[in-house]
Each structure stands twice: as structure tokens, then as C-alpha cells.
Amino acid sequence: MFNKLQDRISESFKHLRKKGKLSEADVDETVGEIRRALIEADVALEVVKDFSARVKEKAYGAARSEALNPAQQIVKIVNDELIEILGGEDRELHFARPGKGPTVFMLAGLQGAGKTTLAGKLGRWLGKQDKKVLLVAADLQRPNAVTQLEIVGEQAGVTVFAPEPGNGVGDPVDVARRGLALASGSGYDVMIVDTAGRLGVDEELMAQARAIRDEVQPEEVLFVLDAMIGQDAVRTARAFQEGVDFTGVVLTKLDGDARGGAALSVRGVTGVPVLFASTGEGLDDFERFHADRMASRILD
Ligand code: GDP
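Each value, and the rule that gives it
- Residues numbered from 1 in each chain as written.
- Predicted model: local features only at pLDDT ≥ 70, side-chain atom pairs only at ≥ 80, totals over all residues.
- Heavy atoms only, no water.
- Helix = DSSP H or I, 4+ residues; strand = E, 2+ residues; numbered from the N terminus.
- Buried < 20%, exposed > 50% of the residue type's maximum accessible area, 1.4 Å probe, protein only.
- Contact = heavy atoms within 4.5 Å.
- Areas by Shrake-Rupley, 256 points an atom, 1.4 Å probe, with all protein chains shown as cover.
- Lys, Arg positive; Asp, Glu negative; His and termini not counted.
- Charge placed at Lys NZ, Arg CZ, Asp CG, Glu CD.
- Phe/Tyr/Trp six-rings, centres within 6.5 Å; stacked < 30°, edge-to-face > 60°.
- Lys NZ or Arg CZ within 6 Å of the ring centre and 35° of its normal.
- Near = heavy atom within 4 Å.
- Polar contact = N/O pair within 3.5 Å; in protein donor to acceptor, adjacent residues only side chain to side chain.
- UniProt positions renumbered as here; feature names shortened; annotations may be inferred.
- Salt bridge = Lys/Arg side-chain N within 4 Å of Asp/Glu carboxyl O.
- Expected span 1.5 Å × (residues − 1).
- Arc of directions from axis to C-beta.
- Core = buried A, V, L, I, M, F, W, Y, C linked by side-chain atoms within 4.5 Å.

> Explain the overall build of the protein to me, please; I cannot follow it from the model alone.
Scanning the protein from N- to C-terminus turns up 11 helices and eight strands. In terms of its C-alpha atoms, the protein occupies a principal-axis envelope of roughly 70 × 35 × 30 Å. In the protein, which comprises 300 residues, the proportion classed as buried is 54%. Put simply, of all contacts in the protein between residues at least 6 apart along the chain, 77% involve residues at least 24 apart. Summed over all atoms, the accessible surface of the protein reaches about 13800 Å², with 47% contributed by carbon and sulfur. Counting 38 positive and 47 negative side-chain charges, the protein places the averaged centre of each group 3 Å from the other.

The following block contains the structure:
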């Protein structure tokens, strides 16, 4: 991830460092190169434009100030602005007020984004923090989804509530409701609801996800986004924002060799922070998302 972007940006900084003093034309050239590199990495155009304008404005100031090392200053400006588009300060998961009953997290996203895997990862991560976690299988669309969640739950050491086999397709809202009753009655701290994925943005399934959300009133609706889907990420994120109004983003497949545009666009386009990063198929390939660390990965 980010290899090409990283090479391009470091190349443009190298040119800059050769110069003792900087003119506005030098700034324009460097920002222009970074802008092209970001576009090639599939970063959304509106995010690139905003980023370039902000870097330019600050970098002109640095060039004019005749500071000792203008190139270094510009590297810092680019770093700070990258952190900004990646989300700035980290935000913690929101939990229910003590005494209110279990905290509910609901997962939404396209099929194959990594929701079911994430349910296991998040369950295990929370379990390590001494939370009693229940996974609820409300993805009744894909034939194997329930079994897959049961397997993931077992691997993660987390209990799974699933509809009885043989009950036909069943009603995912009802499953979520019964899951919540179990979680409330049995002293669970957190319930994670896996919902049906869809191949494309599908209004019927979006309405189903909304119905589940309205039924269980989650503290967080987490939009699970495959970082490998490139340009489609923005369109997908917008559709899910409109459809279920998610409160946090989880980026998956950050271990892949995608160009990274999704990771760099989603916060800028939706205004919703990225909370976690999934970096592999294993249950422990999962971490809090830190904008500053991600920016360093791009610039170092
Ligand atoms: P869902 O349809 O959204 O529930 O997606 P799944 O959880 O079934 O994941 C789809 C595929 O992506 C599975 O083969 C997962 O093992 C894989 N996967 C999930 N997260 C990651 C990740 O962070 N990195 C990689 N490389 N693969 C992942």
C-alpha cells in the first residue's frame, strides 16, 4: 500500500531539497507533483484540491519567510495536511452510558468488504479488554454468512447468536431484536451486529440495514470499506452515508498493494473518522487507526 505514492512524494521532496531558497514557482512545482501523485493513487479529486490549496497557501508563506530550511518546512506542512485529511486527532469508540445496557455496534458495507472477519477481530479486541461480547448474525442474505460468523466467533473466543437453522430465510430485524434481548438479559457489555453485504449499492438492503439500526439503536454504525476498491470507494461511502448514516469507518485490506486512495479520501468526503484498520486475514491483523502514523507511512 502507498508504495508508488510514497516514491513520488519523496522524489518531489528531493528536488526541493536541492534548492537553498524557494520561489513560489518551486512551491507550485512541488505541490503540482504531489497533486498528480495523489490523483494517480485514486484519491478523490475534491480531497486533492482541498489538500493542494491548503499546502500551497502555507508553503508560499514558508518560501517568503526566507526561513533557514524552507524545504524542510514544506515537508512538515505536507505531513500536517496529510494528517488532517486522514482525520487529525484519533477518536475513541463510543460506548453506552453505564447502566444503559449493552453497547451496540452495527457493521455495514459491501459484500466482501470484510464485515464478518471484522466482527471476529473487533470481538476479540474488545474481549481482551475484559468486555463480554456477543456477535449477532443478522446477515441472512448470503447462504454461508451465518456459518462463517459462527466459525469466526469460535476462533475469536466470542459467543455468536444466530437464527436456528431450518427457519427459512428469516427476518434479520427480528434476529437483531432477539440478539439484543439476549445481550441485555445475560449481562453482555457489547453486541456486534453483522448485517447483509451487497454487491452494489442496493436500496432494499439499505432499507433493511436501516430497519436493523432503528431497532437496536447502535452506539456506532461502522462502515466497513475495502481499501482495494479504488475510485469506487467514494461513491460507495456516500451511498452508505446517505443510507445508514454511519458514525465510524473501518478500512480493511490495508495490507494489499492498492494505491491507497480510499484510505486517503473517505474521511475528507464523508467527514466521518476512520477508527480501525484491518491489515490481513488473521484475527489479530487489526489495529486502531492513527492518522499521524498513516501519514508517516506515506512520507517516510
Ligand atoms: P463480508 O462479506 O463483508 O462479511 O467479508 P468477509 O469478512 O467474508 O471477507 C471477505 C474476504 O476478505 C475474506 O476472504 C477475508 O478473509 C478477507 N479479508 C477480510 N479482511 C481482510 C484484510 O484486512 N486483509 C486481507 N488481505 N483480507 C481480508
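> Help me out: how do you make sense of the packing of aromatic side chains in this one?
Within a pair of aromatic rings, the relevant descriptors are the distance that separates the centres and the angle that separates the planes. Per the stated rule, a full pass over the model turns up six aromatic pairs. A centroid spacing of 5.6 Å and a plane angle of 70° characterise the contact between phenylalanine 95 and phenylalanine 105, whose relative ring orientation is edge-to-face. Of this pair, phenylalanine 95 sits in the loop between helix H4 (70–86) and strand E1 (103–108) while phenylalanine 105 sits in strand E1; the two residues are 10 residues apart in sequence, bridging distant segments of the chain. Classification of phenylalanine 105 by relative accessible area gives buried; the value is 0%. Taken together, the ring pairs connect Trp125, Phe276 and Phe286 into an aromatic cluster. For the cation-ring pair, lysine 132 lies above tyrosine 188, with the distance from its terminal atom to the ring centre recorded as 4.5 Å.

> How should the site of the ligand be read in this particular structure?
Near the ligand there are 17 residues, and of these Gly112, Thr116, Thr117, Ser278 and Glu281 occur at the shortest range. Contact between the ligand and lysine 253: an oxygen atom at 3.0 Å from a main-chain N or O atom of the residue. Burial of the ligand by the protein chains amounts to 79% of its free accessible area of 590 Å². Per-element tally for the shell around the ligand: the top contributor is helix H5 (residues 115–127), with four residues.

> How should the UniProt feature "domain: SRP54-type proteins GTP-binding" (unreviewed entry) in the protein be read in this particular structure?
The UniProt record marks residues 273–286 with the feature "domain: SRP54-type proteins GTP-binding" (unreviewed entry), using the residue numbering of this structure. The straight-line gap between the two end C-alpha atoms of residues 273–286 is 17 Å; of that span, 0% is helix and 43% is strand.

> What is the right way to look at the pattern of salt bridges in this model?
Between side chains of opposite charge, pairing is possible as soon as their charged atoms come close. Per the counting criterion, the structure on display carries 21 salt bridges. Arginine 8 serves as the salt-bridge partner of glutamate 40, at 2.8 Å between the closest nitrogen and oxygen. Of the two residues, glutamate 40 is situated in helix H2 (residues 24–40) and arginine 8 in helix H1 (residues 3–17); the sequence distance between them amounts to 32 residues. For glutamate 40, a relative accessible area of 39% gives the class partly exposed.

> When you look at helix H6 (residues 145–156) in this model, what are you seeing that I'm missing?
Structurally, the α-helix is built with 3.6 residues per turn, so residues lying three or four positions apart point the same way. If you check H6, its first and last C-alpha atoms are 16 Å apart, about what 12 residues at 1.5 Å a residue would give, namely 16 Å. Of the residues making up H6, those classed as buried are Ala145, Val146, Leu149, Val152, Gly153 and Ala156. Taken around the axis of H6, the buried residues stretch over an arc of 125°, which confines them to a single face. In H6, the exposed positions that point more than 90 degrees away from the buried face belong to Glu154 and Gln155. Elements that come into contact with the buried residues of H6 comprise H5, strand E2 (133–138), strand E3 (159–161) and strand E4 (190–195). Following H6 by one or two positions, glycine 157 has its phi on the positive side, about 70°.

> Honestly, the environment of glutamate 33 in this entry has me stumped. Any pointers?
By the secondary structure assignment, glutamate 33 is in helix H2. The contacts of glutamate 33, once residues within four sequence positions are left out, are Arg8, Ser12 and His15.

> Where do I start with the nonpolar core in this structure?
One broad rule of soluble globular proteins: the nonpolar side chains tend to lie buried together. Within the largest apolar cluster, 104 residues are counted, with the highest numbers of intra-cluster contacts made by Leu5, Leu122, Ile192, Val249, Leu251 and Leu264. At nine residues, the largest contribution of residues to this core is made by H4. Setting aside residues no more than four positions away along its own chain, leucine 122 makes contact with Leu93, Phe105, Ile192, Leu222, Phe276 and Phe286.

> Can you help me understand the side chain of aspartate 194 in this one?
Looking at where aspartate 194 falls in the secondary structure, it is placed in strand E4. Here aspartate 194 is buried and forms no salt bridge, its nearest opposite-charge partner lysine 115 lying at an N-O distance of 5.4 Å. In this structure, aspartate 194 is in contact with Leu107, Lys115, Thr116, Val136, Ala137, Ala138, Asp139 and Leu149, ignoring residues within four places of it in sequence.

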